Structure formats: C-alpha cells, structure tokens
Amino acid sequence: MENQTRPSPKQPNIIYIMSDDHAVRAVSAYQSDIAHLAPTPNIDRIARNGARFDKSFVTNSLCGPSRAAMLTGKFGHKNGFNHNGQLFDGHQPTWPRLLKEHGYSTACIGKWHINLTPDGLDFDHWELLNDQGEYYNPDFITKQGVKREHGYTTELITEKSLNWIAKQKNSEQPFALLIHHKAPHRNWMPAPQHTRAFENTLFPVPDNYFDTYQGRAAAAMQTMNIYRDAQEGHDLKMTKAVGETQWREDIWPFLLERLTPEQREQWDLAYQDRNDWFNNNEADMSDEDIAIWKYQRYVQDYLATIISVDESVGEVLDYLERHNIVDNTIVIYTSDQGFYMGEHGWFDKRFMYEESFRAPLLIQYPDKIAPNTIVNELVQNIDYAPTFLEYAGIAVTSDIQGQSLVPLLNGGHISEEEGGWRTSLYYHFYEYPAMHDVTRHYGIRDHRYKLMHFYYQIDEWEFYDLDRDPTEMNNAINDPKYLSIIHKLKQDIVKLEHQYDVPPRLEWNDSPLECVSAPTLKDLYPNSYQVTQQ
Ligand code: SGN
Ligand code: CA
C-alpha cells in the first residue's frame, strides 16, 4: 500500500532523459522557425518549470562518445571512447555508479550503444535496446536474456520507465533513472498514430539547403546529403512504383520486416497516397523540386518521431506531479548531440558546426531551480556528471573534467568576482574514415568565434564570426581583419589541449580507427537468446 506520509529522500531523485539526434531547432522551447509547426509542449514544460541552456554543446558529436562523456564527465581521450564501435569500460567512475554506491537505486532503459550491456556500471535494473535498436517490435536485452516486445519503441521505453519508477516511489531511497530514447535517430519511423502528423505541413527550407561548400573542403567531402546520400527507401520511405508498397533500395530490410502484418498494412496505407503522388509526378519534376520534396519527407518523418518522445516526457512529468514527487526530482531533457534538418543540405551530425555541436538542455528541479531560468554560459556534456554528484551531495571525483552546473542553475550566471565561468569550449571528432565521410577535426568556440582544424587526409582551417555568419557559410580564415583573433584562438586551443590533457595530434593522425567486434547477442546469451513475441 502506498504510504503518502513517508518523507521524501533527502537526496533528489534524478530522471535523465536523453533522446538520440534531437536538433535544438526541433525543441519548441528554443523558439525556432518551426516551433509553431511542430511544437514539443511537454519538453517545453521542463524549461518553464526550470532552466533552459542556450549554449549547451557536446565534446564530440556522435552517439557513443557523447554517452561516454556524459557518464564520466571526461573527454573521450580520457574515458577511452572516441568513436562508435569501441567498448566502454564501465569500471571507471561514472555518476550512476557513484550514486548507487551512495545509496541510490539506479536504472537505465533504452538505447545504450557503448557496449552490449552496462557491464561494470552495476545498475540495479536495465533493459536495453540492441545496438541502435529498432523503432518497431524491438529486442530488449535484460539481465535475464533477450526478449522481442510488440509495440512502438518510444512507448515501450516510457512504459518500462514508469513501471520502474512506480516500484521506487514509496521508498526513502532516492533513485536515478536514465531514459534513453532511440528516436529521433535514423531511419525516422514514426508511431502508427503519427505517421501522417505532418503530411500536409510544408516546413521552411533552410537558406543553405543547396550549399556548394565553397571554401570548406571538409564540408565538400561529406556524404550526408538529403538529396544525394539519403537512401530513398530506408530513409525516405519512397516506393518503387505507383500502387506498390515495396521500398526503393532498402539497406536494412529487417527493420520493416519486423512489423506485424497489421502494423505493416497501417504503415503502407499511411504513405500510399503521398508515394503514389510522387511516383506519378517524378518524371516532370526538376532535380531541385525532387530535392525539396525529399527534404519535406525527411523533416516530416523526423519530427513525427519526436511527437512520441514529447508524449513520453509528458507522461513522466504527469506521473511525478500526480504522485507528489516532482519537487524533489531533477528532470533533465537532452540529446546525445544535435542534428541537421537540411542545413547545408544535410542529415546526420559529426561536424563542429552549430547544428550538430549544440544540443538541447533543459533541467527542472522545483525545490532548487527557479522557473524560466535561462542560462547563457558555455556548457558541455562533461558538466552533467559533476552536476548530478553535487546535487546528490557526493564529492566530485578528481578525474572529472567538467564543471558542476549548480552555480549556474542557482542564478543563471557567475560573476567574475565569483571566479567566472569558462569562456571557451574544446571539441574533437575522430570517427574517420567512416560512414558519412566527415574527416577528423578539433576546434574551439567562444561566445562569438569558432576556429576548427580539419585533418587526416586534409589540412584545412576554418574560422567563423558567429555574430555575423551564424550559419557558417563564409570561412573567414584568410580575412585579414580577423588575423589577431585567429592567432589568439590558436593559442587558446593549445591551452585547452593542455588543460584537458589531450595527446599530441600526430598520434590521432596516424591512428586507424580500432573497433572491437562486440559479442553478438547469441554469444552473450547462448541459452537465453530467444525472440518471444508478446
Ligand atoms: C547509423 C546510421 C548513421 C549514423 C550512425 C551513428 N545509419 O549507422 O547514419 O551516423 O548510426 O549514429 S542507420 O541507417 O543505420 O541508422 S549514432 O547516433 O549512433 O552515433
Ligand atoms: Ca545520436
């Protein structure tokens, strides 16, 4: 029986909600040009109840490295995880493990993607998607084995999360729950009830959708164009011919094959008219018309998957409010990185350009954070770990490279007299040669300027005055008026590399990407790997 009189734990509960590839532009709390077309009212509640970070960034815009940085509070060169395909060492200090050691009940539900299971982290409970996970009828890896569940993944993750919270709420023991959504990651498959949500919405096409990448060699090399590189079947759900439901090329047919006949029928029906229209008209369309049609299809599906994420956040907040545990519970909403929604013509991430470098970050904690707080300081995902530790009253371990956000959350700003806050950020992307062909690069960003060095097979510097060129179209590296600023930023990079103990760049230039071949589910669970349809 529920015991309402029991005191809430002294330490706050923590619910860390992280989606996968959610662009800042697609969170309406950030008031972008599409906020009114595709609002996220529940995610926005967190901003209203607490704080919105306007300059929140990642250390390396890729899933695995972001997750490792978030868990450890350290850059990839320190936590051992610089690119996808490595195996995360869960035995190093991480905030969930430290919280558990200090009495918290802990769980992680959803995408993990840095190892097959959270080996070493010692979560009390976990139910994880296999690798990237699937949008429909996903396999969940649990301590007991692997189970295929029927349903839409975002909703299953929500249900499992609420069930787990329900088991915690009567205890004096605080809890920490990591809810890791798969959505809105590629290949952007919306829930059955949302497939048509935006079918009649035309989203504004970014001014630089047809970017020709002049003066930006690395940008010219990439393979992440919506109109050139997105798979017409797998990504854009385009069909072979009028009246047909079979996708054009389908690199991973198993994603669609997982749907039950009923799900498949509903799915095909949802796209039929639109695909028939396109197949009927394609021959008369210009390349530009087709590129814009593809942009709309991509953005419509991408945003439709976010509706379910937003609903999930709403269910979590409603639950906390209904059960009177909202005041002492920290709720964070973020994404493992940002994402392109057609800017420069792209989907995907990886670059240190703003759209993928920047991530949404909203935090509520009614007991401690004033509503509608706006934080404008430069923060990074290595700052989460020390923040949670400080709120939980646990000493921040000396290996942590991030800074606790608590002082910023107490008032939005730290004055110079109080020691100030960092004035620039360091970034380093390593995953090359690899999918999407974004070469290795590192750089620095302060409140106004950004300097990047792209290396490996090229050796190119880029510099942007973000006040004057917020979409980073004009590489001003050779503009004489910025010479002294560029000179200073180069010195600052060296200082940051020294501060964060980054190994010499030559080592990265020479090192191939080493990927550990992770055990398969069958290797890991020889006796329990079974796919059970519920
Ligand atoms: C998959 C995607 C890529 C994506 C990587 C990394 N292809 O391989 O487009 O860049 O993941 O994404 S997919 O068709 O299989 O989805 S990350 O978020 O996990 O880093
Ligand atoms: Ca991601």
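Structure's up top.
Our subject in this report is the structure included herewith. (Residues numbered from 1 in each chain as written. Chains lettered and ligands numbered in written order. Predicted model: local features only at pLDDT ≥ 70, side-chain atom pairs only at ≥ 80, totals over all residues. Heavy atoms only, no water.)

**A closer look at the overall build of the protein**
- Scanning the protein from terminus to terminus reveals 15 helices and 16 strands.
- Overall size of the protein, expressed as C-alpha extent along the three principal axes, is 70 × 65 × 45 Å.
- Residue burial in the protein is summarised as follows: out of 534 residues, 63% are buried.
- Partitioning the contacts of the protein with sequence separation of at least 6, the portion at a separation of at least 24 is 69%.
- About 20800 Å² of surface is accessible on the protein, with carbon and sulfur atoms providing 48% of the total.
- Counting 49 positive and 77 negative side-chain charges, the protein places the averaged centre of each group 3 Å from the other. (Helix = DSSP H or I, 4+ residues; strand = E, 2+ residues; numbered from the N terminus. Buried < 20%, exposed > 50% of the residue type's maximum accessible area, 1.4 Å probe, protein only. Contact = heavy atoms within 4.5 Å. Areas by Shrake-Rupley, 256 points an atom, 1.4 Å probe, with all protein chains shown as cover. Lys, Arg positive; Asp, Glu negative; His and termini not counted. Charge placed at Lys NZ, Arg CZ, Asp CG, Glu CD.)

**Focus on the layout of surface pockets**
- Within this model, the largest pocket holds a volume of roughly 980 Å³.
- As for the largest pocket, its lining consists of 41 residues, of which H113, D131, Q132, H185 and W252 are closest to the centre.
- Here the residues of the lining of the largest pocket sort into 17 nonpolar, 12 polar and 12 charged.
- Taken as a whole, the second largest pocket spans an internal volume of roughly 540 Å³.
- R25, E343, E355, R358 and P470 are, among the 23 residues lining the second largest pocket, the residues nearest its centre. (1 Å grid on protein atoms, 1.4 Å probe; cavity = no way out; pocket = protein on both sides within 12 Å on 5 of 7 lines; lining within 4 Å. Points joined across faces, edges and corners; volume = space filled by probe spheres on them. Nonpolar A, V, L, I, M, F, W, Y, C, P; charged D, E, K, R; others polar.)

**Examining the site of ligand 1**
- Around ligand 1 there are 18 residues in total, and R186, H234, D348, R350 and H436 lie nearest to it.
- In this structure, C63 approaches ligand 1 through a main-chain N or O atom, which is 2.9 Å from an oxygen atom.
- Burial of ligand 1 by the protein chains amounts to 90% of its free accessible area of 460 Å².
- Its atoms largely coinciding with the cavity grid, ligand 1 occupies the largest pocket.
- Its residues assigned to classes, the shell around ligand 1 shows four nonpolar, seven polar and seven charged. (Near = heavy atom within 4 Å. Polar contact = N/O pair within 3.5 Å; in protein donor to acceptor, adjacent residues only side chain to side chain. Sits in = over half its atoms within 2 Å of the grid points.)

**Regarding the packing of helix α8 (residues 261-281) against helix α9 (residues 287-322)**
- Orientation of α8 relative to α9, taken along the N-to-C sense of each, is 170 degrees, at an axis distance of 12 Å. On the basis of the axis angle, α8 is roughly antiparallel to α9. Contacts between α8 and α9 pair Y271, R274, N275, W277 and F278 from the former with I290, W293, R297, Q300 and D301 from the latter.
- Looking at the contact of α8 with α9 residue by residue, the classes come out as five nonpolar, two polar and three charged. (Axes fitted to C-alpha atoms, helices over the stretch in contact; angles between N-to-C directions. Parallel < 35°, antiparallel > 145°, perpendicular 65-115°, else oblique.)

**Focus on the coordination of the calcium ion (ligand 2)**
- Protein coordination at the calcium ion (ligand 2) comes from D20 (OD), D21 (OD), D336 (OD), D336 (OD) and Q337 (OE1), with a distance range of 2.1 to 2.8 Å.
- Coordination at the calcium ion (ligand 2) is irregular: its six donor atoms span angles of 51 to 173 degrees at the metal.
- Mapping the donors of the calcium ion (ligand 2) onto the primary sequence yields the spacing D-D-x314-D-Q.
- According to the relative accessible area criterion, D336 is buried, its value standing at 1%. (Donors = N, O, S within 2.8 Å, 3.2 Å for Na, K, Ca; no water. Tetrahedral: all angles 85-135°; square planar, octahedral: opposite > 155°, others 65-115°.)

**Observations regarding the nonpolar core**
- Residues Y16, F53, W95, L99, I363 and L405 are the most contacted members of the largest nonpolar core, which totals 48 residues.
- With five residues, helix α11 (residues 384-391) is the largest single contributor of residues to this core.
- The residues contacting F53, other than those within four sequence positions of it, are Y30, L361, I363, V375, V379, L405, L408 and L409.
- Among the nonpolar cores identified, the runner-up in size contains 44 residues, and A47, F175, L320 and I325 belong to it. (Core = buried A, V, L, I, M, F, W, Y, C linked by side-chain atoms within 4.5 Å.)

**Re the pairing of strand β4 (residues 105-110)**
- Buried residues dominate β4, accounting for six of its six residues.
- Relative to strand β8 (residues 175-180), β4 runs parallel, the two sharing six bridges. From the neighbouring strand, I109 faces β8, where its bridge partner is I179.
- Pairing analysis gives four bridges linking β4 to strand β5 (residues 125-129), with the strands arranged parallel. Looking across to β5, one finds that C108 is bridged to W126. (Pairing = 2+ DSSP bridges.)

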